[in-house]
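Examination of the molecular architecture
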Amino acid sequence: MAVADEKGSAALTMRAIAEPLGVEAMSLYHHVAGREEILDGMVDAVFGEIDLPPRDTDWKSAMRHRAFSARTVLGRHPWAIGLMDSRSQPGPATLRHHDAVIGVLRAGGFSVPMAAHAFSLIDSYLYGFVIQELSLPFSGSAELGEVAGAILREMPADAYPHLTELASEYALMPGYDYADEFTFGLTLILDALHPDETAGPDQTTPGNPPGRGSAASSAQRRQAGHSAAD
């Protein structure tokens, strides 16, 4: 993992792993079958560093906690993003992590399909944001000021008015932190997700189990509409 953190996963050869250990590359095969097995273990170790979503809070807070932890961990191991969901033989930490995320969503009232949708949506945003964040030509507000300031000085003042406005009146204002964009997007996603097996007061009818009240109410409303039309 240290080799990959420094040079990327493409540089992760058996020789590159053996060298800092002071051994020959061939000696590694006494412990692992090959590079793919090492990658399996590395990905599992990354999942092991991510906090599991806490079970003693609501699903939204749990997903938020887990997402912030994952962003921090992936910032330390940027090579892992492209490998996180690529392993055909996931390790125990990976399985435990996925099971915990799904478990929190299910306990929060998400059906199995909706839990899958939510999991995929959150992780797509999470991975994409980290990739974008790591690709930026600055790592803090000071560097952002230097980069954006240089761009503004080089481009004609009236050629790109909206870009100039966004930079000068938002991104270059005191206190701006690009990390806040992650919070904004994550909040937007979590607020848009709703448990579909938790029936509200106006969706529950006597004898209907949770999760079916909404469908039953919709059918009743459609029937009432047809009756009124007739």
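In what follows, the accompanying structure is described. What you see is a predicted model; the values in this text were computed from it and never measured. (Residues numbered from 1 in each chain as written. Predicted model: local features only at pLDDT ≥ 70, side-chain atom pairs only at ≥ 80, totals over all residues. Heavy atoms only, no water.)

Side note on the overall build of the protein chain
To keep it simple, the criterion reads: Secondary structure elements are taken from DSSP: a helix is a run of H or I of four residues or more, a strand is a run of E of two residues or more, and numbering for both begins at the N terminus. We call a residue buried when its accessible area falls under 20% of the maximum for its residue type, exposed when it is over 50%, and partly exposed in between, using a 1.4 Å probe and counting protein chains only. By the convention used here, residues are in contact when the closest approach between their heavy atoms is within 4.5 Å. In these tables, accessible area is a Shrake-Rupley quantity obtained with a 1.4 Å probe, and a residue counts as shielded only by the protein chains included in the view.
Summing up its helical and strand segments, the protein chain has 10 helices and zero strands in all. Secondary structure elements in the protein chain, listed N-terminal to C-terminal, are α-α-α-α-α-α-α-α-α-α. A burial count over the protein chain gives 34% of its 230 residues as buried. If you take every contact in the protein chain between residues at least 6 apart in sequence, the share linking residues at least 24 apart comes to 69%. Of the roughly 13,700 Å² that the protein chain leaves accessible, carbon and sulfur atoms contribute 57%.

Some thoughts on the pattern of salt bridges
The cut-off we apply is this: A pair is scored as a salt bridge if a Lys or Arg side-chain nitrogen falls within 4 Å of a carboxyl oxygen belonging to Asp or Glu.
Within the structure shown, the criterion is met by seven salt bridges. Between lysine 60 and aspartate 191 there is a salt bridge, with the nearest N and O atoms lying 3.1 Å from each other. Of this pair, lysine 60 sits in helix H4 (residues 59–76) while aspartate 191 sits in helix H9 (residues 179–192), and the two are 131 residues apart along the sequence. Residue aspartate 191 is classed as partly exposed on the basis of its relative accessible area, which comes to 40%. A salt bridge links arginine 71 to glutamate 133; its shortest N-O distance comes to 2.6 Å. Pair noted here: arginine 71 is in helix H4 and glutamate 133 is in helix H6 (residues 112–135), with a separation of 62 residues, a long-range link. Each of Glu36, Asp40 and Arg87 takes part in a single network of salt bridges with overlapping partners.

What to know about the packing of aromatic side chains
To be explicit about the condition: Here the aromatic set is Phe, Tyr and Trp, taking the six-membered ring for Trp, and pairing holds for ring centres within 6.5 Å; pairs whose planes are under 30 degrees apart are stacked, those over 60 apart are edge-to-face, and all others are tilted.
One pass over the full model with this rule turns up six aromatic pairs. With centroids separated by 6.0 Å and ring planes inclined at 45°, the aromatic side chains of tyrosine 125 and phenylalanine 129 adopt a geometry described as tilted. Taken together, the residues span about one helical turn, with tyrosine 125 and phenylalanine 129 both in helix H6 at a distance of four residues. Classification of phenylalanine 129 by relative accessible area gives buried; the value is 6%. A ring pair is formed by phenylalanine 129 and tyrosine 178, whose centres lie 5.3 Å apart and whose planes are at 15°; its orientation type is stacked. Pair noted here: phenylalanine 129 is in helix H6 and tyrosine 178 is in the loop between helix H8 (161–171) and H9, with a separation of 49 residues, a long-range link.

What to know about the nonpolar core
Put simply, the rule reads: Among buried residues, the Ala, Val, Leu, Ile, Met, Phe, Trp, Tyr and Cys ones that are joined through side-chain atoms within 4.5 Å form a nonpolar core.
Within the largest apolar cluster, 51 residues are counted, with the highest numbers of intra-cluster contacts made by Leu12, Trp59, Met63, Leu74, Met84 and Leu105. Mapped by element, the contributors of at least two residues to this core are helix H1 (2–7), helix H2 (14–21), helix H3 (35–49), H4, helix H5 (92–107), H6, helix H7 (141–154) and H9. With eight residues, the top contributor of residues to this core is H6. Those residues in contact with leucine 12 that sit more than four places away from it in its chain are Val3, Ala4, Ile17, Arg35, Ile38, Leu39 and Met42.

Some thoughts on the packing of H5 against H6
For clarity, the cut-off: All axes here are fitted lines through C-alpha atoms, helices being fitted over the stretch that makes contact, and every angle between N-to-C directions spans 0 to 180 degrees. Angle categories are assigned with fixed cut-offs, so that under 35 degrees is roughly parallel, over 145 is roughly antiparallel, 65 to 115 is roughly perpendicular, and the rest are oblique. Left-handed is the label given to a crossing in which the near helix is rotated counterclockwise from the far helix by less than a right angle, and right-handed is the label when the rotation is clockwise. For this classification, the nonpolar set comprises Ala, Val, Leu, Ile, Met, Phe, Trp, Tyr, Cys and Pro, the charged set comprises Asp, Glu, Lys and Arg, and every other residue, Gly included, is treated as polar.
Contact pair H5 / H6: the axes reach a minimum separation of 9 Å and the direction vectors enclose 120°. Comparing their axes, H6 and H5 come out oblique. The handedness of the crossing between H5 and H6 is right-handed. Counting all contacts with H5, which are made through His98, Val101, Ile102, Leu105 and Arg106, the residues of H6 involved are Val112, Ala115, Ala118 and Phe119. Its residues placed into classes, the contact of H5 with H6 shows seven nonpolar, one polar and one charged.

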